[in-house]
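Notes for the structure review
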Amino acid sequence: KTGSYNNTAKAMADGGLTADASAATVVRQPVLAITKDCPGTVIAAGGRTITYTINVTNTGDAPATMTMLEDGVPAGTTFTSATDGGALQGSVVMWNLGTLAPKASKKVSMTVTPTGIGTINNTATAKATCASPVSASCKTEVRGVAGVLLEVVDNPDPIVVGGTATYTITVTNQGQIDLTGIKIKLTCEDTASIA
């Protein structure tokens, strides 16, 4: 374990001769800590993305060498980008953070695009030489919205005086959740009537 260790050696010989010597050894260790932030809720419309911000800190008293950070691209998303040299390898983004001095931190981020609605869980893990691996997770609720598209087509066009026309009204849900309570209200000019 970490700490300061003292060792003393003593030599004795005939005639009452003695000698001693001491040596002190200080044992230090890097200790990693990790935090992860993400939005609690996003709307799955308009190309909206989820950005994960990850902060790795060496809280120990020795440098954390060969510090590596990995963050998997969660199911239900596609990889968009990563900062600070993060590289996508298969379905995992890897960062080589190098050496973190004692009390030093490194912050990076990864952005993904949701491909559906539901809860997205994500976990990042950091490790370094002589340091125990650490992980942090967060989750985002991807919510859908209803998107209403209304189209009206008249036939024939133009209409002759005294003639009739048929209006075809089409309602389309362009969103990700059901439309409910749909009502269509048609208002005509005073000079027209509905048959």
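The present account deals with the structure reproduced in this document. (Residues numbered from 1 in each chain as written. Predicted model: local features only at pLDDT ≥ 70, side-chain atom pairs only at ≥ 80, totals over all residues. Heavy atoms only, no water.)

1. Considerations on the pairing of strand E10 (residues 105–114)
Sheet faces and side chains relate simply in a regular strand, where the side chains alternate between the two faces. In the sheet, strand E5 (residues 50–58) pairs with E10 via eight bridges, with the strands oriented antiparallel. Within the sheet, the bridge partner assigned to Ile54 lies in E10 and is Val108. Of the pairings in the sheet, the one linking strand E7 (residues 77–82) to E10 comprises five bridges and is antiparallel in character. Bridge assignment links Thr77 to a residue of E10, and that residue is Pro114. (Pairing = 2+ DSSP bridges. Helix = DSSP H or I, 4+ residues; strand = E, 2+ residues; numbered from the N terminus.)

2. Thoughts on the nonpolar core
The biggest cluster of nonpolar side chains holds 27 residues, and the ones touching the most others in it are Leu32, Ile34, Ile54, Val56, Leu69 and Trp95. For this core, the secondary-structure elements that each account for two or more residues are strand E3 (32–37), E5, strand E6 (64–72), strand E9 (92–100), E10, strand E11 (118–128) and strand E12 (131–143). In terms of residue count, the dominant contributor to this core is E12 (five residues). Not counting residues up to four positions away in its chain, the partners in contact with Leu69 are Ile34, Ile54, Val56, Val93, Met94, Trp95, Leu97, Val108, Ala124, Thr125 and Ala126. (Core = buried A, V, L, I, M, F, W, Y, C linked by side-chain atoms within 4.5 Å. Buried < 20%, exposed > 50% of the residue type's maximum accessible area, 1.4 Å probe, protein only. Contact = heavy atoms within 4.5 Å.)

3. Some points on the layout of surface pockets
Its volume calculated, the largest pocket comes out at about 500 Å³. Lining of the largest pocket is provided by 16 residues; of these, Ile159, Ala165, Tyr167, Ala192 and Ser193 occupy positions nearest its centre. Tallied by class, the residues present in the lining of the largest pocket amount to ten nonpolar, six polar and no charged. (1 Å grid on protein atoms, 1.4 Å probe; cavity = no way out; pocket = protein on both sides within 12 Å on 5 of 7 lines; lining within 4 Å. Points joined across faces, edges and corners; volume = space filled by probe spheres on them. Nonpolar A, V, L, I, M, F, W, Y, C, P; charged D, E, K, R; others polar.)

4. Here we look at the state of the cysteines
Scanning the model with the defined rule gives one disulfide in all. The disulfide bridge from Cys38 ends at Cys138, spanning 2.4 Å between sulfur atoms. Of this pair, Cys38 sits in the loop between E3 and strand E4 (41–43) while Cys138 is found in strand E12, placing the two residues 100 residues apart along the sequence. On the basis of relative accessibility, which here comes to 13%, the residue Cys138 falls in the buried class. (Disulfide = S-S within 2.5 Å.)

5. Focus: the pattern of salt bridges
A full pass over the atoms with the stated rule returns two salt bridges. A salt bridge links Asp71 to Lys36; its shortest N-O distance comes to 2.8 Å. With Asp71 in strand E6 and Lys36 in strand E3, this residue pair connects regions lying 35 residues apart in the sequence. The two residues Asp71 and Lys36 agree in class, both being buried. In this structure, Lys106 engages Asp84 in a salt bridge whose closest nitrogen and oxygen atoms are separated by 3.4 Å. One end of the pair, Lys106, is in strand E10; the other, Asp84, is in the loop between E7 and strand E8 (87–89), with 22 residues separating them in the sequence. The partly exposed category is assigned to Lys106, whose relative accessible area is 31%. On the accessibility criterion, Asp84 (45% relative accessible area) is partly exposed. (Salt bridge = Lys/Arg side-chain N within 4 Å of Asp/Glu carboxyl O.)

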